[in-house]
Amino acid sequence: MTIRRILTVESDLATLKQVSAPVAAVDDDLRRLMDDMLETMYDAPGIGLAAIQVGVPQRVIVMDLAKGEDAPTPRYFVNPEILWASEETAPYEEGCLSVPEIYDEVERPARVRLRYLGYDGAQVEEEAEGIFAVCIQHEMDHLDGVLFIDHLSRLKRDRAIAKVKKAARAEAA
Ligand code: NI
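In this report, we go over the structure that sits alongside the text. Computed from a prediction, not measured in an experiment: that's the story for all the values here. Residue positions within a chain follow its written sequence, with the count starting from 1. This being a predicted model, a pLDDT of at least 70 is required before a residue's local features are given, and a value of 80 or more before pairs of side-chain atoms are given or counted; all residues contribute to the totals for chains, interfaces and linings. In computing side-chain values, all of the structure's heavy atoms are included and hydrogens and water are not.

A word on the overall build of the protein. The helix and strand labels rest on DSSP assignments: H or I over at least four residues marks a helix, E over at least two residues marks a strand, and numbering proceeds from the N terminus. Helix and strand counts for the protein come out as four helices and seven strands. Ordered by position from N to C terminus, the α and β elements of the protein give α-α-β-β-β-β-β-β-β-α-α. Taken against the 2.2 N^0.38 rule, which gives 16 Å for 173 residues, the C-alpha radius of gyration of the protein at 16 Å falls within 12% of a compact globule. Principal-axis analysis of the C-alpha atoms gives the protein an extent of 45 × 40 × 35 Å. Considering the protein as a whole, with its 173 residues, one finds that 43% of them fall into the buried category. Contact criterion: two residues are considered in contact whenever any of their non-hydrogen atoms come within 4.5 Å of each other. In the protein, the share of contacts with a sequence separation of at least 24, taken over all contacts with a separation of at least 6, comes to 64%. Under the convention used here, a 1.4 Å probe and the Shrake-Rupley method define accessible areas, while residue burial counts only the protein chains that appear. Of the roughly 9300 Å² of accessible surface on the protein, a fraction of 49% belongs to carbon and sulfur atoms. We take the radius of gyration over the C-alpha atoms and set the globule estimate at 2.2 Å times the residue count to the 0.38 power. Type-normalised accessible area, obtained with a 1.4 Å probe on protein chains alone, sets the label of each residue: buried when under 20%, exposed when over 50%, and partly exposed for intermediate values.

Below, the structure is given as structure tokens:
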């Protein structure tokens, strides 16, 4: 497994805005990508990562919502689709490995029903709520080139990007 570079809005905004393509087959090459993504996410550390965040425009997401000392519970989502979303929404303070150091509240459907292919290529349908619902919707946005800051007001989004750029400049200095 290889830790890959995570793209950020500071240097890779155009790539992050790309719409990712559906995966044709869940094969060993794709599993290698998912293994690398998981390793990269754990190293960051983060709880979710979309393939475009390592520069691969394919509809693939990895996630692990295990807390603290709990055993790791990696999850893989290939070609995920939302079949249903609740009218009820819930706010959550989101962050993103591609928008470092920025956290802000986003309102999303509280529950969603999903269909996707797993690590073995088998189709799964399940309902998500709580942090799982937040995370899968955040990651699925990445597949369509949407960042969580795109859900904020224009002012807040511009401020967030300026802050990331300023931090990157400070780090480079
Ligand atoms: Ni993100």
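After that view, the rundown keeps rolling.
Right, let's get into the coordination of the nickel ion. In this listing, donors mean N, O and S atoms no farther than 2.8 Å from the metal, or 3.2 Å for Na, K and Ca; water is missing from the atoms, so a site can look incomplete. Ligation of the nickel ion by protein atoms is provided by Cys96 (SG), His138 (NE2) and His142 (NE2), these donors lying 2.1 to 2.3 Å from the ion. Sequence spacing among the residues donating to the nickel ion works out to C-x41-H-x3-H. With Cys96 in the loop between β4 (89-94) and β5 (104-109) and His138 in helix α3 (residues 130-143), the pair connects residues that are 42 residues apart, well separated along the chain. Like His138, Cys96 is buried.

Okay, the packing of aromatic side chains next. Stacked, tilted and edge-to-face are the three classes assigned to paired rings of Phe, Tyr and Trp, where Trp is represented by its six-membered ring and a pair needs centres within 6.5 Å; plane angles under 30 degrees give stacked, over 60 edge-to-face, the rest tilted. In the structure shown here, the tally under the stated rule is three aromatic pairs. With a centroid separation of 4.5 Å and an interplanar angle of 50°, the aromatic rings of Tyr76 and Tyr119 are classed as tilted. Of this pair, Tyr76 sits in strand β3 (residues 74-85) while Tyr119 sits in the loop between β6 (111-117) and β7 (123-129), and the two are 43 residues apart along the sequence. Tyr76 sits in the buried class, given a relative accessible area of 15%. Take Tyr119: its relative accessible area is 28%, and that puts it in the partly exposed class. A positively charged side chain is recorded as over a ring if its NZ (Lys) or CZ (Arg) lies within 6 Å of the ring centre. The angle to the ring normal must also be within 35 degrees. A cation over a ring is seen here: Arg31 above Tyr119, with NZ or CZ 6.0 Å from the ring centre. If you follow Arg75 out to its NZ or CZ, it ends over the ring of Phe132, 4.1 Å from the centre.

A general tendency of soluble globular proteins is for nonpolar side chains to be buried together. Definition used in this section: a nonpolar core is a set of buried Ala, Val, Leu, Ile, Met, Phe, Trp, Tyr and Cys residues joined via side-chain atoms within 4.5 Å. With 17 residues, the main nonpolar core has Leu30, Leu33, Met34, Met37, Leu49, Val60 and Val62 as its most contacted residues. Mapped by element, the contributors of at least two residues to this core are α2 (28-43), β2 (60-64) and β3. Tallying contributions element by element places α2 first for this core, with six residues. Every residue in contact with Leu49, bar those within four places of it in the chain, is listed here: Ile6, Met37, Thr40, Met41, Val54, Val60, Ile61, Val62, Leu97 and Glu139. In terms of nonpolar packing, the next biggest core, distinct from the first, is built from 15 residues, Ala50, Ile52, Ala128 and Leu143 among them.

Limitation: the analysis is restricted to geometry and does not speak to function.
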